[in-house]
Amino acid sequence: MKPNWRHRTLWTGDNLGVMRGMNSETVDLVYLDPPFNSNKDFSAPIGSIAAGAAFKDTWTLSDLDTDWLGRVASAAPKLYRIVDTAGQVHGDGMQSYLTMMAVRLLEIRRLLKDTGSVYLHCDPTASHYLKVAMDAIFGVENFRNDLTWRRATAHNDAGRFGNIVDNILFYVKSADAYWNGEAISTRKTAEQLAKLYPSRDERGRYRSSDLTGPLHNAARGSPSTRPWRGYDVHAMGRCWSVPKTGRYARYIEENLLPGYMGIDGIHERLDALDGAGLIHHPRTGRWPGLKRYAAADEATPPQSLILDPIGFTNFNKGKEYTGYPTQKPVKLLRKLIEASCPPGGMVLDPFCGCATACIAAEGLGRRWAGIDLSVKAVELVKSRMKAEMPLLTLDLRHGTAPPERQDLTAPEERYFLDASKPERERPYNCDFNKERLFGNQRGVCNTPFCGRRLDFELFEVDHVVPRSKGGGNELANLQLLCAECNRSKGDDTMDDFVARRRDRYDEYVAAQRARYTT
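In this report, the structure presented in the accompanying data block is examined. (Residues numbered from 1 in each chain as written. Predicted model: local features only at pLDDT ≥ 70, side-chain atom pairs only at ≥ 80, totals over all residues. Heavy atoms only, no water.)

This structure, assessed with the given rule, holds 30 salt bridges. A salt bridge links Arg 384 to Glu 320; the nearest nitrogen and oxygen atoms lie 4.0 Å apart. Of this pair, Arg 384 sits in helix α11 (residues 376-388) while Glu 320 is found in the loop between β14 (305-306) and α9 (330-340), placing the two residues 64 residues apart along the sequence. Residue Glu 412 is joined to Arg 405 by a salt bridge in which the shortest nitrogen-to-oxygen separation is 2.8 Å. No difference in accessibility class separates Glu 412 from Arg 405, as the two residues are buried. (Salt bridge = Lys/Arg side-chain N within 4 Å of Asp/Glu carboxyl O. Helix = DSSP H or I, 4+ residues; strand = E, 2+ residues; numbered from the N terminus. Buried < 20%, exposed > 50% of the residue type's maximum accessible area, 1.4 Å probe, protein only.)

Put into structure tokens, the structure is as follows:
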């Protein structure tokens, strides 16, 4: 499928509704910097470019759309168990936060191409819960890194170590994911190269590296243990280790010794290297070394600890800073986009805030789209691009209506159809009704004396007042029961059922009282 939206599109509104309207497998990279469940409220200071931007990061069950929990339980039972367990361990706030994130992460996975990647920016408040949730959604095998980004040099937190890092969870859609780590590798300075390669000859700076390796019980007489030019490495507990493949072998073949990688024998490769002047024979020492030249030195690949750039603090606010709460540096986003999004690829930021990811994508020649609840995001995109990219003619599209999805499958079509029908016209046991009921009841059987917590698929939809007694299909007259309660209730109303089983109800109440007074 092709994207059913245009490059440089920014939506204002709930990102869940927008993403549900976007075609599947159309995004190369998703970066999201959502609320962290930090139990704080954020707002930009008056007078800053971002003045007026604000959001709360405190979550309760009242913030939860009840069908979200049911949707998670229906679409991803393993994920629901994680969310439910987090709620039991950490409380309702964490459960509602993870539910909010889970339904959006499920949509993000659908939107990603098989070559796509997702970076979730978070902090230690919920990073471990989000990690387990993403394992369930994307698969443990598709986890790549828990990146640590140093956002400050120091911080004073009473009674504990200063918290100066954020986490960035990096997952891919599949093993075919795009990766270009060389694009953000760190090049060594001239001073560093001079220190690492202290020797010099007519070819330039070099260092002497080992031509031997551990013996690993190799038998004397095998090719890697035989003496060469008077060096008996086996007698010293070593064997020859002469590069035949890899980056430096390729450098030797391409620049110093044509045909080198086609030489099979270990001693033949040693002879060829020595004949080309690539072996250093020490005046003292046990064995010779291979000359490794600075010209072949490859940059240091990106590491999971990101020290540069640092975040915005009271002591570090340059021209880029807008005053937006939780703003991240463009340089940080450039690293992630260059490594995981191909040139011309599509970047999506569903919590775009002050649009740092959009700015970074634009500067790197990638296409982008963003979503944010606040209309302030639109103003910030315009003002920042005008300041940072004055030669760009910005063709920004802004709207609140989500795109109209063109690739709905049959189950998804039924789900959206059921949701749009009037309550009495829906099949009483449709997915939409069942998911909302599951969320309303928090996964517990609705019989007062039962209270079983069950998986979504084990519940049955029942009428509180049967249709034979005037009950309708509206949600207020529906409930989820376990199979045992549903069979026992039969065609009774819920009140009649409870009255008929009053003895069991009284036993249940007495047991609960004893439990909580012990």
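Past the structure itself, the notes keep going.
Turning our attention to the environment of Tyr 171. Tracing the chain through its elements places Tyr 171 in strand β7 (residues 165-172). The class of Tyr 171 is buried, set by a relative accessible area of 0%. Sequence separation between Tyr 171 and Tyr 505 is 334 residues, and the spatial gap between their C-alpha atoms is 49 Å. Discounting chain neighbours no more than four positions away, the residues touching Tyr 171 are Ser 117, Val 118, Lys 131, Met 134, Asp 135, Phe 138, Gly 139, Asn 142 and Phe 143. Only 3.2 Å separates the side chain of Tyr 171 from the backbone oxygen of Lys 131, close enough to count as a polar contact. (Contact = heavy atoms within 4.5 Å. Polar contact = N/O pair within 3.5 Å; in protein donor to acceptor, adjacent residues only side chain to side chain.)

Bringing the pairing of strand β6 (residues 143-150) into the picture now. For a regular strand, side chains alternate in direction, first toward one face of the sheet and then toward the other. Alignment of β6 against β7, held across seven bridges, turns out to be antiparallel. Bridge pairing links Asp 146 to Leu 169 in β7. As paired elements, β6 and β14 share two bridges and run parallel to each other. Bridge pairing links Trp 149 to Ile 306 in β14. (Pairing = 2+ DSSP bridges.)

Turning our eyes to something else, we now look at the environment of Ser 340. Along the polypeptide, Ser 340 turns up in helix α9. Among the residues examined, Ser 340 registers a relative accessible area of 0% and is labelled buried. The spatial distance from the C-alpha of Ser 340 to the C-alpha of Asp 418 is 38 Å, given a sequence separation of 78 residues. Ser 340 has contacts with Asp 28, Leu 29, Ser 117, Tyr 119, Phe 170, Tyr 178 and Trp 179, leaving out every residue within four places of it along the chain.

Attention now goes to the packing of aromatic side chains. When we look at a pair of aromatic rings, we describe it by the centre distance and by the angle of the planes. For the coordinates displayed, the defined rule picks out 16 aromatic pairs. With 5.0 Å between their ring centres and 75 degrees between their planes, Tyr 80 and Phe 438 make a pair best called edge-to-face. Placement of Tyr 80 in helix α3 (residues 77-90) and of Phe 438 in helix α13 (residues 431-441) is noted, with a sequence separation of 358 residues between them. Here Tyr 80 matches Phe 438 in class, with each residue buried. Here Phe 438 and Phe 459 contribute two aromatic rings whose centre-to-centre distance is 5.9 Å and whose plane-to-plane angle is 75 degrees, an arrangement assigned as edge-to-face. (Phe/Tyr/Trp six-rings, centres within 6.5 Å; stacked < 30°, edge-to-face > 60°.)

Judged by nonpolar contacts, the single largest core of 64 residues is most densely connected at Leu 32, Ile 108, Val 118, Leu 130 and Leu 348. Every residue in contact with Ile 108, bar those within four places of it in the chain, is listed here: Met 19, Val 30, Leu 32, Val 118, Phe 138 and Pro 350. By size, the runner-up hydrophobic cluster in this structure holds 33 residues, among which are Ala 177, Ala 355, Ile 359 and Val 381. (Core = buried A, V, L, I, M, F, W, Y, C linked by side-chain atoms within 4.5 Å.)

On to the sheet that holds β7. The strand order across the open sheet formed by nine strands is β14-β6-β7-β5-β2-β15-β16-β1-β17, and the pairing between neighbours is mixed. Only two strands of the sheet have a single partner each, and these edge strands are β14 and β17 (397-399). As paired strands, strand β15 (residues 346-349) and strand β16 (residues 367-372) are joined by four bridges and run parallel to one another. Residue pairing across strands places Leu 348 opposite Ala 369, the latter belonging to β16. Here α9 sits on the sheet and contacts β2 (27-32), β5 (112-122), β6, β7, β14 and β15; the angle it forms with β2, its principal contact strand, is near 155 degrees. Running over the sheet, helix α10 (residues 356-363) touches β2, β15 and β16 and is turned about 170 degrees from β16. (Axes fitted to C-alpha atoms, helices over the stretch in contact; angles between N-to-C directions.)

To summarise the sheet geometry, strands pair through backbone hydrogen bonds and adopt either a parallel or an antiparallel arrangement. What the four strands build is an open sheet, ordered β8-β9-β13-β12; its pairing is antiparallel. For this open sheet the edge positions go to β8 (199-201) and β12 (279-280), each flanked by a neighbour on one side alone.

Running from amino to carboxyl end, α9 crosses α10 at an angle of 60 degrees, the nearest separation of the two axes being 9 Å. The angle between α9 and α10 falls in the class oblique. Judged by the twist between their axes, the crossing of α9 over α10 is right-handed. Residues Val 330, Leu 333, Arg 334 and Ile 337 of α9 form the contact with α10, whose own contacting residues are Thr 356, Ala 357, Ile 359, Ala 360, Ala 361 and Gly 363. In terms of residue class, the contact of α9 with α10 is made up of seven nonpolar, two polar and one charged. (Parallel < 35°, antiparallel > 145°, perpendicular 65-115°, else oblique. Left-handed = near helix turned anticlockwise from the far one by under 90°. Nonpolar A, V, L, I, M, F, W, Y, C, P; charged D, E, K, R; others polar.)

Without other data, these values stay purely geometric and don't point to any function.
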